[in-house]
Amino acid sequence: LASPSPRVSVIMPVHNTQDDYLRKAIASVLCQTLGDFELIIVDDGSDAYVRDCVMSFHDGRIVFHRFLHNLGVVAARNWALDHARGEYVAFLDSDDEALPNRLYKECRHLDANPGDGLVYSNARVVDDHGEELSFGLFEEKPENLVWCMLLKGNCICMSSVMARRALIENCGSRFQKKYLVAQDYAFWLS
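Residues numbered from 1 in each chain as written. Predicted model: local features only at pLDDT ≥ 70, side-chain atom pairs only at ≥ 80, totals over all residues. Heavy atoms only, no water.

Trainee: Explain the overall build of the protein to me, and be specific about the residues and the numbers.
Mentor: Regarding its fold elements, the protein presents seven helices and eight strands. Here the protein holds 190 residues, and the buried ones make up 40% of them. Within the protein, contacts between residues at least 6 apart in sequence are counted, and of these 73% link residues at least 24 apart. As presented, the protein carries roughly 10,300 Å² of accessible surface, and 54% of it is formed by carbon and sulfur atoms. (Helix = DSSP H or I, 4+ residues; strand = E, 2+ residues; numbered from the N terminus. Buried < 20%, exposed > 50% of the residue type's maximum accessible area, 1.4 Å probe, protein only. Contact = heavy atoms within 4.5 Å. Areas by Shrake-Rupley, 256 points an atom, 1.4 Å probe, with all protein chains shown as cover.)

Trainee: Describe the sheet that holds strand β3 (residues 62-67), listing the residues and the values that go with them.
Mentor: The six strands lie next to each other as β3-β2-β1-β4-β8-β5, forming an open sheet whose pairing is mixed. Because the sheet does not close on itself, it has two edges, and the strands there are β3 and β5 (118-119). Judged from the three bridges that link them, strand β4 (residues 88-91) and strand β8 (residues 162-164) form a sheet pairing that is antiparallel. When the sheet's bridge partners are listed, Ala90 is paired in β8 with Met162. Sitting on the sheet, helix α3 (residues 73-83) is in contact with β1 (8-14), β2 (37-44), β3 and β4, with an inclination near 150° to β2. (Pairing = 2+ DSSP bridges. Axes fitted to C-alpha atoms, helices over the stretch in contact; angles between N-to-C directions.)

Trainee: Describe in detail the side chain of Ser28, supporting the description with residues and values.
Mentor: Residue placement: Ser28 occurs in helix α1 (residues 19-30). Looking at Ser28, the relative accessible area reads 9%, which means it is buried. Not counting chain neighbours up to four residues away, the residues in contact with Ser28 comprise Leu92, Asp96, Glu97 and Ala98.

Laid out in structure tokens, this is it:
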């Protein structure tokens, strides 16, 4: 069961994600070595099979909310942010998977570096057969270089981010509907 104040709130928006991708994404969170989390899944007006898939996991750490109509990924992520209870907030898209130590390693980094507001990691892009298409390599960079990289383009993979919930709340940051694409990019810059 989810604790009253979990360490991490994992946010997963869903809109008609293919069943096997969704199952793998959920399972990758439930199998984390750090078990003190809540998984907030916001169904953005999907077909009924999405609810059935989520409910088949029977895990008390899952918080499920369904919009009756498709309101968009921005509304889904913002609803989850408004209801997150964890000290940290992690993001995972419903067609992505997290490695088993992801939450543990990201928590450990933020615990050891109280001045860091968020952490992100490498991301592997694979096809339907698990074959690697590309690999994003982020070497150690001076902190102002990451900011310079963000000014040129989005170098942060949404599904690898963990942030301090207090930082998000203090900044008043939310994902903005006015951007048709790259809402996460605008979020990092805010």
